[in-house]
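If you want the building blocks of each chain, they are given just below.
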Amino acid sequence: MAGERRRRGGDGPRERPRERPRERDPKHRQQQKQQQQPRGPGRGRTVLVAAVAAAALALGLVAAATEWSRWSEASRLVTPHPAPPAVPPGSTGPLASPTYFWGTYRPHVYFGMKTRSPRSVVTGLMWLQHGGGLRHTCESGDGPARYGWVMHDGENFGVQEIRDGRLLLRTEFVKQPGGDHGGDWSWRVTARTEGKGPAPLLSLFFYVATDGQGELRPVLHDGTRLAAVEGTSEELGNFTLTFLPPTGEGEEEPKYASYNFLAAGVPGLHRLTELVQRSLREASLFSPPGRPRRHYLGVSRTGGLPGEPPQGQLLLHQVTLEAPAVLEVVLESGSAAGARRGRLAGRALGAALARHAAAFERRFEDTFGLGARGATPPQRRFAQAALSELLGGLGFFHGRSLLRSEHSSEPLPGPEAALFAAAPSRSCFPRGFLWDEGFHLLLLGRWAPALARDVLAHWLDLMNADGWIPREQILGDEARARVPPEFVLQHSETANPPTLLLALERLLPDAPLPYLRRLSPRLRAWFSWLNRTQAGPEPLTFRWRGRDTDAERFLNPKTLASGLDDYPRASHPSEQERHLDLRCWMALGARVLAALAERLGEPPEPYGDMALALSDNALLERHHWAPELGAFADFGNHSTAVALRWHRPAPVPGQAPPAPRLRREVREAPRPRFVGALGYVSLFPLLLQLLRADSPRLPALLGAMRSEAKLWTPFGLRSLARDSPWYLQRNTEHDPPYWRGSIWVNVNFLALRALHGYAQAAGPHREQAARLYRELRHNLVTNVFRQHEATGFLWEHYRDSDGAGQGCHPFAGWSALVVLAMAEDY
């Protein structure tokens, strides 16, 4: 039956039955027996020697076969999938895709731009309030009090506001098409200070750097000020980056400033901050006419990191001044000279920024209609900022992942890969995450469907020969520098929820057929890999692989593959587990692949059959309904008497006494049973709308959602029931609760989407679903808006007791789905 389920999920052709050997006649058997008997003295020794030799040969063949199997698995691990690429070669270049060639594709820095190229020239901004620290990369711990994009169209224009103590920075950019290399762009950085009293001197550092290819040449004014950089690279041809003199805010007259510049070799883009910090010397003078002189930290003209061979070049322009001030930077492509009407600076830049801002607001209202729904101006600005932060978090990454197969002892570098993706958080997670991306694409697909399709295709091109996509993409030195070493390695048995299919379901009706044909083989391979490697102990059941193996260390071993990390599962991981959420994701995947086949004019089987089987409510209840819980649940080898206790390890003679450690204590032996953890996992048959509208189980789930003792709060649905023994419990002494009570926007959005559907479907529970939908939408939107007004950020998750933001910030990944909830666009 398990084999039958796998075949129905698209795992390949049915195996041919083996032929039974023909029975030999008795006479033939007798002749054979006589031939096998020894003939004469020494025959026994000969047979023995031959048997030993044969056994040795067999053992050698087994060893060789085992070694070959290991090599083959390792080879497939790092071999790209053989299907034609989902992103056609050359389609991201400046001629094929000029709109998306240049962008703010460095989400980990406060302000910077690069191209969608493997070895792009990069540009960026750093700043230093003298007496404070150098700012460059986005930080959530000791960084600015607020920062984020307030307008960003994902294409040609963006406005960001940064509050760093008394300093207010406004960074703006506009792109101008033309030529064969992505056109021109201009920056404007406005600096002002708030409050009374003298403000510290401010240094702004504008830089351009190469990463292994290209050449930069400084253009100096009076031998001291870096007025421009002339450069050449494969993707950009000839270009000029010009640094215009600063002016006062609202003025065109130059403002007094002191200048420094740095020319250095770069050992890697991830070392830029360190390189600049080491180049600072307190030997420069700020000497405005008729004012006291002041010393400040200025970069030396040449520098580098000792003993580090350079991989590229850095040219940096430091401007030191007193706010308020306005500074502009202009990049002009050599191939756009003939189409250029004039430099995009000064009044021309101001006019272009105003035009783009007005166009952004019109497009936003046309897309989401919040004004027509009665949203207030502050609410509309909040929603615009949420969308803009997601768009401003788009990044282009290139490099190799570090991979390990479950059958291999050593990690291997994956093939060179490129990824265009939205980062969940510019400060904490400035890289690609597989299951996050599906939620991102729900909003991106509404704003810019072509952009969303491009992102989705990039993810599918990361697939290896087996159909596996690593769940976290750490590509390139800049990305790897932000990740703790223990999280760099990606394990080939570890899956992730196929949320890309959730996004594809919305993109499917309007997606071009050639695009869908390119995606189809890879989508089928991905689903087949999930169906094959995450199969459960019974037909039509599924189990997340890769749970934590050190059971004594954790209150409940984590299931990172599920995306719900520390959400309580069976206390003792085993092959007998049945994971409810994975079963529901597989049902969704089968449904979407059947719809894709129909859209392409192909037979929807076997996906349609599998979707029907996984949506069978009676079978779902048999595998996952827990009568003692009154809800759906996981099943596995589980103990209800588990707790963390302090233990002091035995002392080692001659050493200091070891510190006590929290270890798991099991007071009751585990046994096969349902896991009594009422929370997000329990809701998955409702969240992905597998339950029929007339299901007798629907009222129990709606009741649990509305119960304040269970999941209901004034701020959204909490992830785990308040009366659960795991509610807000630490998983280890170093792991605070994560998915054990907090409110997460992505799952609340799925709940709103499902309730909206049940409220419109004919059935006995539609009024209850509609009432719950209205209350939940109000609670969620109101709280996320209120927290953004108070802190300036979207947050990773929200505290269930008072709605306060928790975890990473800014977190404009799936938390930006609040925009679709405001628009009631599901």
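Scroll up a little and you will see the structure.
Residues numbered from 1 in each chain as written. Predicted model: local features only at pLDDT ≥ 70, side-chain atom pairs only at ≥ 80, totals over all residues. Heavy atoms only, no water.

(A) Spatial organisation of the overall build of the protein. Each helix and strand in the protein was counted, giving 19 helices and 33 strands. For the protein, the C-alpha radius of gyration of 31 Å lies close to 28 Å, the compact-globule estimate for 826 residues. Its C-alpha atoms put the protein at 120 × 75 × 75 Å along the principal axes. Taken over 826 residues, the protein has a buried fraction of 55%. Considering only intrachain contacts with a sequence separation of at least 6, the fraction spanning at least 24 residues in the protein is 69%. Here the protein has roughly 35000 Å² of accessible surface; of this, 52% comes from carbon and sulfur atoms. Across the protein, the mean location of the 100 positive side-chain charges is 4 Å away from that of the 85 negative side-chain charges. (Helix = DSSP H or I, 4+ residues; strand = E, 2+ residues; numbered from the N terminus. Rg over C-alpha atoms; globule rule 2.2 N^0.38 Å. Buried < 20%, exposed > 50% of the residue type's maximum accessible area, 1.4 Å probe, protein only. Contact = heavy atoms within 4.5 Å. Areas by Shrake-Rupley, 256 points an atom, 1.4 Å probe, with all protein chains shown as cover. Lys, Arg positive; Asp, Glu negative; His and termini not counted. Charge placed at Lys NZ, Arg CZ, Asp CG, Glu CD.)

(B) Main features of the layout of surface pockets. Empty space within the largest pocket amounts to approximately 1500 Å³. Lining the largest pocket are 46 residues, and of these Arg471, Phe487, Lys558, Leu560 and Asp565 lie nearest its centre. Of all the secondary-structure elements, those providing two or more residues to the lining of the largest pocket are α7 (434–447) and β25 (489–491). With 3 residues, the top contributor of residues to the lining of the largest pocket is β25. Taken together, the residues of the lining of the largest pocket break down into 19 nonpolar, 10 polar and 17 charged. Considering only enclosed or pocket space, the second largest pocket measures out at about 680 Å³ in volume. Along its surface, the second largest pocket is lined by 30 residues, and Arg146, Gly148, Val150, Glu161 and His788 are the ones closest to its centre. Within the residue set of the lining of the second largest pocket, elements represented by two or more residues are β5 (146–152), β6 (157–164), β7 (167–176), β8 (184–193), α6 (377–392) and α18 (766–791). If one sorts the elements of the lining of the second largest pocket by residue count, α6 sits on top with 7 residues. Of the residues in the lining of the second largest pocket, the class split is 16 nonpolar, 5 polar and 9 charged. (1 Å grid on protein atoms, 1.4 Å probe; cavity = no way out; pocket = protein on both sides within 12 Å on 5 of 7 lines; lining within 4 Å. Points joined across faces, edges and corners; volume = space filled by probe spheres on them. Nonpolar A, V, L, I, M, F, W, Y, C, P; charged D, E, K, R; others polar.)

(C) Up close: the sheet that holds β25. Taken together, the 3 strands give an open sheet; going across it, the order is β21-β20-β25, and neighbouring strands pair in mixed fashion. Looking at strand neighbours, the two that pair on one side only are β21 (412–413) and β25, the edges of this open sheet. (Pairing = 2+ DSSP bridges.)

(D) Quick look at the sheet that holds strand β11 (residues 225–233). Pairing is antiparallel in the open sheet, where 8 strands are placed in the order β5-β6-β7-β8-β18-β12-β11-β10. Each edge of the open sheet is held by one strand with a lone partner, namely β5 and β10 (215–221). The average undirected angle you get between the axes of adjacent strands in this sheet is 15 degrees. As judged from the 8 bridges shared by β6 and β7, these two strands associate in the antiparallel manner. When the sheet's bridge partners are listed, Val159 is paired in β7 with Glu172. (Axes fitted to C-alpha atoms, helices over the stretch in contact; angles between N-to-C directions.)

(E) Focus on the environment of Phe715. As for its position among the elements, Phe715 is in the loop between α16 (698–706) and α17 (745–760). The sequence separation of Phe715 and Pro254 amounts to 461 residues, and the corresponding C-alpha distance is 51 Å.

(F) Examining the packing of aromatic side chains more closely. Taken as a whole and assessed by the stated rule, the structure comprises 36 aromatic pairs. Aromatic side chains Trp149 and Phe173 sit 6.0 Å apart centroid to centroid with 90 degrees between the ring planes, which places their arrangement in the edge-to-face category. Linking Trp149 in strand β5 with Phe173 in strand β7, this pair joins segments that are 24 residues apart in sequence. There is no split in this pair, since Trp149 and Phe173 are both buried. Ring centres 6.3 Å apart and planes at 70 degrees place the aromatic pair Trp739 and Trp814 in the edge-to-face group. (Phe/Tyr/Trp six-rings, centres within 6.5 Å; stacked < 30°, edge-to-face > 60°.)

(G) Representation of the packing of helix α10 (residues 499–507) against helix α12 (residues 580–599) in the model. Running from amino to carboxyl end, α10 crosses α12 at an angle of 40 degrees, the nearest separation of the two axes being 9 Å. Judged by the twist between their axes, the crossing of α10 over α12 is left-handed. In contact with Thr499, Leu501, Leu502, Leu504 and Glu505 of α10, α12 contributes Trp585, Leu588, Gly589, Arg591 and Val592. The residue inventory of the contact of α10 with α12, partitioned by class, reads 6 nonpolar, 2 polar and 2 charged. (Left-handed = near helix turned anticlockwise from the far one by under 90°.)

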